[in-house]
Amino acid sequence: MLDAIMLTLVLASFAVVGAYASLCEYLLGLDTDEDVSP
Amino acid sequence: MTSAGWLEIALFAAITGLLARPLGGYLARVYGDNGTPLQPLIGPVEDTLYRLAGIKPEIEQSWLRYTVSLLVFHAVGTVALYSLLRLQGALPLNPLGLGSISQDLALNTAVSFVTNTSWQSYSGETTLSYASQMIGITVQSFLSAASGMAVAIAVIRGFARRRSVTIGNFWVDLTRGTLYVLVPICVIASVFLIVEGVPQTLAPAAEVITLEGRPQVIARGPVASQEAIKLLSGDGGGFFNANSSHPFEDPTPLTNIVEAVLIFALGAALTNCFGRMVGSERQGWVLFSVMAILFGLGVSGIYASEARGNPALTALRVDETVSSSAPGGNMEGKEVRFGIAGSALFAEASTASSDGAVNAMHESSSPLGGGILLANMMVDEVIIGGPGSGLYGMLLFCIVAVFMAGLMIGRTPEYVGKKIGSSEMKLAILALIAVPAATLGLTAIACVVQPGLAALTNAGPHGYSDILYAYTSAAATNGSAFAGLSANSPFYNLTLALAMFVGRFFVIVPVLAIAGSLAAKDLVPPSAGTLATDRALFLCFLLGVIVIVGGLTYLPALALGPIIEHFQLLGGRLY
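Residues numbered from 1 in each chain as written. Chains lettered and ligands numbered in written order. Predicted model: local features only at pLDDT ≥ 70, side-chain atom pairs only at ≥ 80, totals over all residues. Heavy atoms only, no water.

### Topic: the interface of chain B and chain A
Across the contact, 32 residues belong to chain B and 25 residues belong to chain A. At the boundary of chain B with chain A, total buried surface from both sides reaches about 2,600 Å², with 74% on carbon and sulfur atoms. Linking chain B with chain A are one salt bridge, by the criterion used here. Here Asp3 of chain A ties to Arg86 of chain B by a salt bridge, and the two come within 2.7 Å at their closest N and O atoms. Our enumeration of links across chain B and chain A arrives at two residue pairs in polar contact (both at pLDDT 80 or more). Secondary-structure elements contributing two or more residues to the side of chain B that touches chain A are α3 (63–87), α4 (103–114), α15 (422–446) and α18 (490–519) of chain B. The greatest single-element share of the side of chain B that touches chain A, amounting to ten residues, is contributed by α3 of chain B. A class-by-class count of the residues in the side of chain B that touches chain A yields 16 nonpolar, ten polar and six charged. (Contact = heavy atoms within 4.5 Å. Buried area = accessible area lost by both parts, 1.4 Å probe. Salt bridge = Lys/Arg side-chain N within 4 Å of Asp/Glu carboxyl O. Polar contact = N/O pair within 3.5 Å; in protein donor to acceptor, adjacent residues only side chain to side chain. Helix = DSSP H or I, 4+ residues; strand = E, 2+ residues; numbered from the N terminus. Nonpolar A, V, L, I, M, F, W, Y, C, P; charged D, E, K, R; others polar.)

### Section: unusual backbone geometry
Residues and elements named next belong to chain B. Although it is not a glycine, Asn116 sits at a positive phi angle of roughly 65°. Notably, Thr477 is not glycine yet its phi reads approximately 50°, a positive angle. Residue classification places Thr477 among the buried residues on the basis of a relative accessible area of 5%. (Buried < 20%, exposed > 50% of the residue type's maximum accessible area, 1.4 Å probe, protein only.)

### Considering the pattern of salt bridges
Where side chains of opposite charge bring their charged atoms close, a pairing between them can arise. A full pass over the atoms with the stated rule returns 15 salt bridges over all chains. Several salt bridges converge on common partners, so that one network encompasses Arg162, Arg163 and Asp522 of chain B.

### Focus: the nonpolar core
Residue and element names in this part refer to chain B. Core analysis: the biggest nonpolar cluster contains 183 residues, and Phe159, Phe274, Tyr415, Tyr492 and Leu542 have the highest contact counts within it. Counting residues per element, this core draws most heavily on α18, which supplies 20 residues. Setting aside its immediate chain neighbours within four residues, Leu542 contacts Leu287, Val290, Met394, Phe397, Cys398 and Ala401. (Core = buried A, V, L, I, M, F, W, Y, C linked by side-chain atoms within 4.5 Å.)

### Topic: the pairing of strand β1 (residues 206–209) of chain B
Consecutive side chains of a regular strand alternate in pointing toward one face of the sheet and then the other. Where β1 of chain B and strand β2 (residues 215–218) of chain B come together, four bridges link them in antiparallel fashion. Across the sheet, residue Ala206 of chain B finds its bridge partner in β2 of chain B, namely Ile218 of chain B. (Pairing = 2+ DSSP bridges.)

### So, the packing of α3 of chain B against helix α7 (residues 170–195) of chain B
Residue and element names in this part refer to chain B. For the pair α3 and α7, the least separation of the axes is 9 Å and the interaxial angle reads 55°. What the angle tells us is that α3 and α7 run oblique. Contacts between α3 and α7 pair Tyr66, Ser69, Leu70 and Phe73 from the former with Phe170, Trp171, Asp173 and Leu174 from the latter. Of the residues assigned to the contact of α3 with α7, the class counts are six nonpolar, one polar and one charged. (Axes fitted to C-alpha atoms, helices over the stretch in contact; angles between N-to-C directions. Parallel < 35°, antiparallel > 145°, perpendicular 65-115°, else oblique.)

### Thoughts on the packing of aromatic side chains
Residue and element names in this part refer to chain B. Scanning the entire structure with this criterion turns up 23 aromatic pairs over all chains. Taking 6.1 Å as the distance between ring centres and 85° as the angle between the ring planes, the aromatic pair formed by Phe159 and Phe274 counts as edge-to-face. Of this pair, Phe159 sits in helix α6 (residues 130–160) while Phe274 sits in helix α9 (residues 253–277), placing them 115 residues apart in sequence. One exposure class covers both Phe159 and Phe274, and it is buried. Every member of this aromatic cluster is reached through a ring pair, and the members are Tyr66, Phe73, Phe170 and Trp171. Across from the ring centre of Tyr180, 4.5 Å away, lies the NZ or CZ of Arg176, which sits over that ring. (Phe/Tyr/Trp six-rings, centres within 6.5 Å; stacked < 30°, edge-to-face > 60°. Lys NZ or Arg CZ within 6 Å of the ring centre and 35° of its normal.)

### Looking at the packing of helix α12 (residues 339–352) of chain B against helix α13 (residues 367–378) of chain B
All names here are of chain B. Between α12 and α13, the shortest axis-to-axis distance is 8 Å and the interhelical angle comes to 25°. By the angle between their directions, the pair α12 and α13 is classed as roughly parallel. As for how α12 packs across α13, the hand of that crossing is right-handed. Across the interface between the two elements, Ala347, Glu348, Thr351 and Ala352 of α12 pack against Ile372, Leu373, Asn376 and Met377 of α13. Of the residues in the contact of α12 with α13, the class split is five nonpolar, two polar and one charged. (Left-handed = near helix turned anticlockwise from the far one by under 90°.)

### Focus on the environment of Leu70 of chain B
Residue and element names in this part refer to chain B. Tracing the sequence through the fold places Leu70 in helix α3. A relative accessible area of 0% places Leu70 in the buried class. A sequence separation of 438 residues divides Leu70 from Ile508, and the C-alpha atoms of the two residues are 9.6 Å apart. Ignoring sequence-local partners within four residues, the contact set of Leu70 consists of Ser147, Val151, Phe170, Phe505 and Ile508.

### Regarding the side chain of Glu320 of chain B
Residues and elements named next belong to chain B. Residue position: Glu320 is located in the loop between α11 (311–315) and α12. Engagement of the side chain of Glu320 in a polar contact is seen with the backbone nitrogen of Asn310, the distance being 2.9 Å. Residue contacts for Glu320: discarding those within four places in its chain leaves Gly309, Asn310, Leu313, Thr314, Gly328 and Gly329.

### Describing the side chain of Glu348 of chain B
Residues and elements named next belong to chain B. Residue position: Glu348 is located in helix α12. Despite being buried, Glu348 has no salt bridge partner; Lys334 is the closest side chain of opposite charge, sitting 13 Å away. Residue contacts for Glu348: discarding those within four places in its chain leaves Leu294, Phe295, Gly298, Val299, Ile302, Ser353, Ile372, Leu373 and Asn376. (Lys, Arg positive; Asp, Glu negative; His and termini not counted.)

### Quick notes on helix α19 (residues 536–552) of chain B
All names here are of chain B. An ideal rise of 1.5 Å per residue puts 24 Å on 17 residues; α19 measures up with 23 Å between its terminal C-alpha atoms. Those residues of α19 that fall on the buried side of the exposure criterion are Phe538, Leu539, Leu542, Leu543, Val545, Ile546 and Gly550. Mapping the buried residues of α19 onto a view down its axis gives an arc of 165°, with all of them on the same face. Exposed residues lying more than 90 degrees from the buried face of α19 are Ala536, Leu537 and Ile548. (Expected span 1.5 Å × (residues − 1). Arc of directions from axis to C-beta.)

Structural data, given as structure tokens:
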């Protein structure tokens, strides 16, 4: 039982990192930089 | 301090510096389009692996696909290592008949080695079977290092490419890093270690009769093969609990220097590889110089602090000076065969990189010496760092540095021909904040809950340093320990696993996103207003940014631990 919980924890953690990658992709999409160099 | 000690440190620095360029050139060929001299030998193996795994090496991936491939690979690796550790009692290559390890320890160990940390809450020789050591620990040491290098190479491609939607193929980078870099160097290093006296055997522990006529069991096993990758990979997980202070892991002063060089070799070479791949080796040398300066300051501080000895013992008129028959200084927790200099050098190399191997007990360092070890890890392991992680950590600081410089003069920041936008900056901050958040947050929790305090074996600021060191080491994927903490408990096994996980993957993901974003941009030719990032001015600026952003984040935490302990020691109070 505890093994199943641990393995679920592992997979859930990687799923969270996957969601974090989506957040990073979203941040990239927000890029509205303008070149301020003279 | 002695001239011989300084000579030893200088010899190490010289060998590392001399290796950086040829090894960096080799890495550039391995990950570039040029073949390597090992291609005829290893190429067929590589092609076979691609065929068996259904990988098409010519098809490249976007940053998101690269990231997903990396995460899937490590998720499978974590589950596989966890299962192996839980089932080792029923598997072959277990001459001591060791049983499976507990669930929380198995989870901690699996995450530890998959994240290239190698935090060990167990004694290897009495806990893990040969199968677990060879198939589990050693394999993950190779793969986690190759994965780190792959991420660094992907970031380099981000800087080097123009208008590209891809940053390489994770499976190809992983395979080439393992086959062309890690395996050949480890074979050579293993043979060298065997010649120097490190065991490599599948025979069970030896039972001998000592000179006193009493029986003694001497643990041994396939040590040399694990030792080589332990050092080269920036992993640091020893076969024995005593790690490189065990004579079977690091038997002589010669192996001590070679092992320290192995720890730094790939991290140093990757700076040169970066320079070559972005078309200017000077860019790589600037990064290498920043690392070298921080290393020089660290090792000098530790050496001076340890050679000074313990003021409390000096007050008792204990002779701590160097003589022909005594190494002098603070020798508590240090091996006589390495002395103060050899121990300081190894400790600096171990904590400045992400390796975490030890040849002396860091717990027994002077408060200032221990504080420097902590500070090394707190600057995100960018002083050479681990294979890959050191370079991409340093490039994060470069992005912050050019951004700050851009703010000062009102120009859009650029680095090696790429304009740094707000999205790259946000992602860099996300990556840089992950490690301190995990370190300081979990340290704070452990300091106030009963399971956290119950593991302490020291009181006062030293006990606090034990907790801070554990989470700093875990989140920085270092793996060394202060050893004053009984960390094999469900609380520490799970929270340290969380720190390692955050410290590795919550940094890698935004780093790869930055790589993807930069690769899609065009290269900007340098103009009169471009900040020259291959000059001494930028070198100094980058140094300042690392010290201010990286170091000052932790100053209050350091003040509560090693700094206050130092002043209390001067007042005669010990912990």
